[in-house]
Each structure stands twice: as C-alpha cells, then as structure tokens.
Amino acid sequence: KLVLGPGSYVFDNDVIIPKNTTLIIQPGTHSVFIRGVSLVSYSPIIATGTKENPITFMRANSKDHWGVVGIAGAGARESYFSYATFDGGSSSAETNGIVFSGMLSAHMSDIKITNSKFTNDGDDDALNIKYSKGSVAYSLFANNNGDAIDIDAGDVLIDSNTFTNNGYGIVPGHNTIGDSIDVSFNHSVIENNIITNCGDKGISVGENSSPQMLHNIIVHCDYGIAVKDNSSAYLKGDILLNNK
C-alpha cells in the first residue's frame, strides 16, 4: 500500500500509481496541483476524509486549471472518496495515453463517492465514470463548465446530490454547454437529486439507456429531462419547474 498524508503537498509533475497496490489518502490531506498536472492510478484510491478533516484536490493558481485524478483498470477493486473536494481541474487530459474526460475519472474501475464537492471544472465533465459500477451520494456539483456527471456504460446510483449552475461554458476557449447528469449505455438509478440552473439538460438520457428517475427536482434548466437515441426511462415523483 502507498499512503499520502496527512499534510499539504504540491504536485508539479504527473504522478502515476502502478498496478497491484492501493493508494490511501489520509484525512486532512491537501493536494495542490500546478497547471495541467494529473494524478493517475492503475490501482484503487481510498480517500476517506471526514467532516472535520476533509481531503482536497486544488489548483495552485486561481487563473489556471490542473489536470485530473484518474483511475484506470482497477476493476471491481473499489475506489472510495468521502468528504473530498475537487476544485479547478481540467478534463480531457491525456495522461499515459489515456484521455480522461472528468476532473475525477474512473475507467473500468468501480467507485463510490459520498459527501464530496466538485466545483469550477474547466472542460468537459466534473465527474466521468466509464465501464464501471458505483454510487454518487450526498455530494455537491457547482459552477462546472460542462457536464457535472457523465456516466458512459456504467450502472451507477446517483442519490441525494445537489447540482447548481452547471453547464454554462464558463471557461473561455472551452465553451461546452453541458448537462447536470448525462447517462449513456446504462441502467442507472437517479433519485432524490436537486438540480437548479443548468445550461442544457437537467438529466440527459441517451444511447440505449433505461434509467429509473425517482423524486428528482429540476428547476431553471434549458431542458428538464431529455430521453433520446433509442433510450427509455421510468419516471416517478419527479418535479420539473420553469425549465425552458
């Protein structure tokens, strides 16, 4: 096992975690990333902060964006993030030949996220999950440039999160209008979320997906819910207000 923290650390070069280990990030660990720098792991990451001692992934300069925290090929060995804050990352970063499209990305790596924050992402997605299972609960997604959550070919429980001011293309040169939740090729359960002020769709369902959407509140988005591209959806108890 590899252990980071507690304490403050500056990442000025990409860091690669190899296979067949586990990266444990201790509560109270604060990581600051120089522009474009990423942390990529081929093993699970266990970053379980607490309310009193959170874990942070931040940018060194408020005018720049760092890269990504990416997990690739860890399979069913789950990664965990709790009380973790991701701020100012820039997705679509290519590291070790892999293009990660989320400030936090999990490719073929199961992941569970709770009580965390994703803010001020600088490109496509704040959180991207591909070919993986997991859950995202009790977390905040705010002021992100493109999609807040993008799930590609993974069945994920998205439960009791708050989304506000996402998808307005707020970064010059990366004017990607985005969704609060975008799901493709999956059968996720999306429930009890509050979504306000989104540049495109509150929830976008595409590419042969069939999610369940239960008791979500969607307000002031361009579209409330879109179901397209040979998809179907089950809705119950959702409230849509003042969407265009």
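Caption draft 1: Representation of the overall build of the protein chain. Regarding its fold elements, the protein chain presents zero helices and 27 strands. Compactness check: the protein chain gives a C-alpha radius of gyration of 17 Å against a globular reference of 18 Å for 244 residues, within 12% of the reference. A principal-axis box enclosing the C-alpha atoms of the protein chain has dimensions of 45 × 35 × 35 Å. With 244 residues in all, the protein chain has 55% of them scored as buried. Contacts in the protein chain between residues far apart in sequence, at least 24 positions, make up 49% of those at least 6 positions apart. Looking at the protein chain as shown, the accessible area adds up to about 10,100 Å², and 51% of this sits on carbon and sulfur atoms. Across the protein chain, the mean location of the 15 positive side-chain charges is 5 Å away from that of the 25 negative side-chain charges.

Caption draft 2: Highlighting the side chain of N161. Topologically, N161 is positioned in the loop between β19 (156-159) and β20 (162-166). Within the local environment of N161, its side chain forms a polar contact with the backbone nitrogen of Y138, the two atoms lying 3.2 Å apart. When neighbours within four sequence positions are excluded, N161 is seen to be in contact with V136, A137, Y138, S139, F141, N192, N193 and I194.

Caption draft 3: Up close: the nonpolar core. Judged by nonpolar contacts, the single largest core of 46 residues is most densely connected at F57, F81, F86, L104, F118, L127 and F141. Setting aside chain neighbours within four positions, we find F57 in contact with I25, S31, F33, W66, V69, F81, A84, T85, F86 and D87. Residues V40, Y42, V68 and F100 belong to the second largest nonpolar core, which totals six residues.

Caption draft 4: Broad picture of the pattern of salt bridges. Tallied over the full model, the rule gives six salt bridges. Among the ionic pairs, D64 bridges to R35, the shortest N-O distance being 3.9 Å. Taken together, the residues D64 in the loop between β8 (55-59) and β9 (69-82) and R35 in the loop between β5 (29-33) and β6 (39-41) connect sequence positions 29 residues apart. Put simply, K201 and D200 hold a salt bridge, and the shortest N to O gap is 3.1 Å.

Caption draft 5: View of a nonpolar patch on the surface. The grouping of I194, I217, I239 and L241 at the surface amounts to a nonpolar patch, some 310 Å² of accessible area in total. For I217, the location among the structural elements is in strand β25 (residues 217-227). For I217, a relative accessible area of 33% corresponds to the partly exposed category.

Caption draft 6: The packing of aromatic side chains, seen in detail. On inspection of all chains with the given rule, the structure shows seven aromatic pairs. An aromatic cluster is defined as three or more aromatic residues linked by ring pairs; in this entry it consists of F57, F81, F86, F118, F141 and F163.

Caption draft 7: Representation of the environment of T85. With respect to the helices and strands, T85 occurs in strand β10 (residues 84-87). According to the relative accessible area criterion, T85 is buried, its value standing at 18%. Sequence separation between T85 and N120 is 35 residues; the distance between their C-alpha atoms is 11 Å. Apart from the residues within four sequence positions on either side, T85 is in contact with I55, T56, F57, M58 and K117.

Cut-offs applied
- All residue numbers refer to positions counted from 1 along the written sequence of the respective chain.
- Per-residue local features are limited, in this predicted model, to residues with pLDDT of at least 70; the limit for side-chain atom pairs, both in listing and counting, is 80 or more; totals at the level of whole chains, interfaces and linings are taken over all residues.
- Side-chain measures here rest on the full set of heavy atoms in the structure, leaving out hydrogens and waters.
- Counting from the N terminus, the helices are the DSSP runs of H or I reaching at least four residues and the strands are the DSSP runs of E reaching at least two.
- For the radius of gyration, the atom set is restricted to C-alpha positions; the globular benchmark scales as 2.2 Å times the number of residues to the power 0.38.
- Only protein chains enter the area calculation, which uses a 1.4 Å probe; residues under 20% of their type maximum are buried, those over 50% are exposed, and those in between are partly exposed.
- The contact rule is simple, with two residues in contact once any of their heavy atoms fall within 4.5 Å.
- Accessibility throughout is a Shrake-Rupley quantity obtained with a 1.4 Å probe, and a residue counts as covered only by protein chains that appear here.
- Charge assignment in this entry is limited to Lys and Arg as positive and Asp and Glu as negative, and neither His nor the chain termini are counted.
- Charge coordinates come from a single atom per side chain, which is NZ of Lys, CZ of Arg, CG of Asp or CD of Glu.
- Contacts described as polar in this section are N or O atom pairs within 3.5 Å, which, within protein, must combine one atom able to donate a hydrogen with one able to accept it, while residues neighboring in sequence count only if both atoms come from side chains.
- By nonpolar core is meant a set of buried Ala, Val, Leu, Ile, Met, Phe, Trp, Tyr and Cys residues that side-chain atoms within 4.5 Å join together.
- Salt bridges are defined by distance alone: a side-chain nitrogen of Lys or Arg within 4 Å of a carboxyl oxygen of Asp or Glu.
- Only residues whose relative accessible area exceeds 30% and that form no salt bridge enter a patch; like-charged residues are grouped when within 9 Å of one another, and nonpolar side chains (Val, Leu, Ile, Met, Phe, Trp, Tyr) when within 5 Å.
- Two aromatic rings from Phe, Tyr or Trp, using only the six-membered ring of Trp, form a pair when their centres are within 6.5 Å; if the ring planes differ by under 30 degrees the pair is stacked, by over 60 it is edge-to-face, and anything between is tilted.

Geometric values such as these leave the question of function open.
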